[in-house]
Amino acid sequence: MSISVKEVSGISEQEADERRKTPDYLDQLEAEAIYIMREVAGQFERPALLFSGGKDSITLVRLAQKAFAPGKIPFPLVHVDTGHNFIEAINYRDELAESLGAKLVVRYVEDTIKAKGLKEQTGKNASRNWLQTFTLLDTIEEFEFDACIGGARRDEEKARAKERIFSFRDEFGQWDPKRQRPELWNLFNGRISKGENVRVFPISNWTELDVWAYLKREKIALPSIYFAHERELILRDGHLLNNTPVIEKDENDQIVTRTVRFRTVGDMTCTAAVESNAATLDEVIAEITVSRISERGETRIDDQQTEAAMEDRKKGGYF
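Calculation notes
- Residues numbered from 1 in each chain as written.
- Predicted model: local features only at pLDDT ≥ 70, side-chain atom pairs only at ≥ 80, totals over all residues.
- Heavy atoms only, no water.
- Buried < 20%, exposed > 50% of the residue type's maximum accessible area, 1.4 Å probe, protein only.
- Helix = DSSP H or I, 4+ residues; strand = E, 2+ residues; numbered from the N terminus.
- Pairing = 2+ DSSP bridges.
- Core = buried A, V, L, I, M, F, W, Y, C linked by side-chain atoms within 4.5 Å.
- Domains from an automatic or database assignment.
- Axes fitted to C-alpha atoms, helices over the stretch in contact; angles between N-to-C directions.
- Contact = heavy atoms within 4.5 Å.
- Polar contact = N/O pair within 3.5 Å; in protein donor to acceptor, adjacent residues only side chain to side chain.
- Patch = residues over 30% accessible without salt bridge, like charges linked within 9 Å, V, L, I, M, F, W, Y side chains within 5 Å.
- Areas by Shrake-Rupley, 256 points an atom, 1.4 Å probe, with all protein chains shown as cover.
- Salt bridge = Lys/Arg side-chain N within 4 Å of Asp/Glu carboxyl O.
- Phe/Tyr/Trp six-rings, centres within 6.5 Å; stacked < 30°, edge-to-face > 60°.
- Right-handed = clockwise from strand over helix to strand, strands pointing away.

(A) Broad picture of helix H9 (residues 208–217). In terms of burial, H9 is largely enclosed, as eight of its 10 residues are buried. Within the sequence span of H9, burial applies to Glu208, Asp210, Val211, Trp212, Ala213, Tyr214, Leu215 and Arg217. Directly beyond the C-terminal end of H9, a positive phi value near 55° is found at Lys219.

Written out as C-alpha cells, the structure is:
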C-alpha cells in the first residue's frame, strides 16, 4: 500500500518535488526529528509521547504522523493533568486524539495528591508543578514506559540546553547532567536496565520560531489561546495571570482586562500571558522574530523562582 505526499502533509506532489530539489532548514529539522522518532520505535519496547495540547507537543504529533505513515502513531499520547490546565488546551488534546484514533492516557495530579497524601503549596504563586513529577513517575511505572518523547527545546531554558536527545533516567527517574551519553554522528544509545527509562527530545535543535514556522507550513490548527484575545486577568508583580479560582489572590493583585495571547500553555498558576495584538500565525511569527526573551523566560513564573529551578526539578524526575 502506498500513500501520497498530499495525504500525509497536505501538499501536492509537484510542491513536494520542488522541496526535494531545494530542501530548506525546516526540511532538515523535520528529517532529523523523524529519524529520532523511528529510532525510538526501533530501540524501545514501550515508548510514549507526552502530550499537553501545547504547540511543541502538537508539532511532535505531526512529526510522528509523518514518521509512521500510512500507519497510526504506534505509541500512546500521555498527559499529566495538574487540574489547573487551560481548558482550550485540554479540549484540543481530546479532539486531536479522537481525530487521530490515537490512544490517550491521562493521569491526574489530584489523584496522586490524595493517594500519596502529598502537601500542596499554599499562598502566593502556589503551583502543582513540583507535584507533576510524582504523577509522571507513577504513570511510567504503571505502564512500564521505557521511553517518553517530549517537546523540550534547548533554546527554552538553561537546564534544557544541557540535555542530550536521548536523556537517560535512573530507576528513580532522576537525571544527572554530569552523566550523559555521547551522541556522536547522530548515534543514540537507548540501552537501559529494567526500571530505567529515557526521555527523548526530537525537537531539541529547534527554536520557538522554527516551531511556529513549521506549524504555519504544515497548516496545523492551534488552540485559540495562542492568538490575541480579550481576557480578564490578574495583574501580579508585572505578570498577567488568568483570573481563575485556582490562583489565590492577595491585596496587591489587580483584576484587569487586556488583549493578550499565551506563548506557552502550561499550568494556569504559573503561566503568564503577554499583551499582544497578534491574531494570525504571520503576526505571531513577526512578534517572536523581534523578541529577545524566550517564552519560558518571559511567561513561566516557576522558572524565575531560583536560577536553578528547572534543573532542580529535572534532577528529581520532572520532564
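(B) Quick look at the sheet that holds strand E10 (residues 274–275). Ordered in space as E8-E7-E9-E10, the four strands form an open sheet in which the pairing is antiparallel. Across the chains shown, the open sheet's two edge strands, defined by having one partner strand only, are strand E8 (239–242) and E10. Note that strand E7 (residues 229–236) and strand E9 (residues 254–261) share seven bridges and pair antiparallel. Bridge pairing in E9 links Leu235 to Gln254.

(C) Structural view of the nonpolar core. By size, the foremost hydrophobic cluster in this structure holds 58 residues, and its most contacted members are Met37, Leu49, Leu63, Phe166 and Trp212. Lining this core are residues from two domains, each supplying at least three of them: domain 1 (13–220 + 311–315) and domain 2 (224–302). Core analysis: the second largest hydrophobic core is formed by 13 residues, Leu50, Val80, Val109 and Phe145 among them.

(D) Here's a closer look at the sheet that holds strand E2 (residues 77–81). Read across the sheet, six strands follow the order E3-E2-E1-E4-E6-E5 without closing on themselves; strand pairing throughout is mixed. Looking at strand neighbours, the two that pair on one side only are strand E3 (104–108) and strand E5 (166–169), the edges of this open sheet. In this sheet, neighbouring strand axes are inclined to one another by 30° on average, regardless of whether the strands run parallel or antiparallel. By the bridge criterion, two bridges tie strand E1 (residues 47–50) to E2 in an arrangement that is parallel. The residue bridging Leu50 from the neighbouring strand is Val78, located in E2. On top of the sheet, helix H3 (residues 25–43) reaches E1, strand E4 (147–149), E5 and strand E6 (197–200); it is set at about 40° to E5, its chief contact. Across the face of the sheet, helix H4 (residues 55–68) comes into contact with E1, E2 and E4 while running at roughly 140° to E1.

(E) Region of interest: the side chain of Asn85. Relative to the helices and strands, Asn85 is located in the loop between E2 and helix H5 (87–100). A polar contact is formed between the side chain of Asn85 and the backbone nitrogen of Thr82, at a distance of 3.1 Å. Setting aside chain neighbours within four positions, we find Asn85 in contact with His79, Ile90, Gly266 and Met268.

(F) Representation of a nonpolar patch on the surface within the structure. Side chains of Tyr35, Leu184, Trp185 and Leu187 sit close together on the surface and give an oily, nonpolar patch of about 510 Å² of accessible area. Position of Tyr35 among the secondary structure elements: in helix H3. For Tyr35, a relative accessible area of 34% gives the class partly exposed.

(G) Structural detail: the packing of aromatic side chains. Under the criterion given, the structure shown has nine aromatic pairs. With 5.8 Å between their ring centres and 90° between their planes, Phe68 and Phe75 make a pair best called edge-to-face. Comparing Phe68 with Phe75 shows no difference in burial state: the two are buried. Consider the rings of Phe86 and Phe262, whose centres lie 4.7 Å apart with planes at 55°: the pair is tilted. Taken together, the positions of Phe86 in the loop between E2 and H5 and Phe262 in the loop between E9 and E10 put the pair 176 residues apart, joining distant regions of the chain. Given a relative accessible area of 0%, Phe262 falls into the buried group.

(H) Structural context of the pairing of E1. Of the two faces of E1, the one carrying Pro47 and Leu49 and the one carrying Ala48 and Leu50 are both buried. The pairing of E1 with E4 spans three bridges and is classified as parallel. Following the sheet pairing, Leu49 is matched in E4 by Ile149. With respect to chirality, the unit in which E1 leads through H4 into the neighbouring parallel E2 is right-handed.

(I) Seen up close, the environment of Asp94. Of note, Asp94 is situated in helix H5. Distance in space between the C-alpha atoms of Asp94 and Gly53 is 8.5 Å, their sequence separation being 41 residues.

(J) Region of the structure containing the pattern of salt bridges. Applying the stated rule across the entire model yields 27 salt bridges. The residue Arg153 makes a salt bridge to Asp155 at a minimum N-O spacing of 2.9 Å. Accessibility expressed as a relative area gives 1% for Arg153, which makes it buried. Salt bridges sharing common partners tie together Asp24, Asp27, Glu30, Arg62, Lys66, Arg217 and Glu218.

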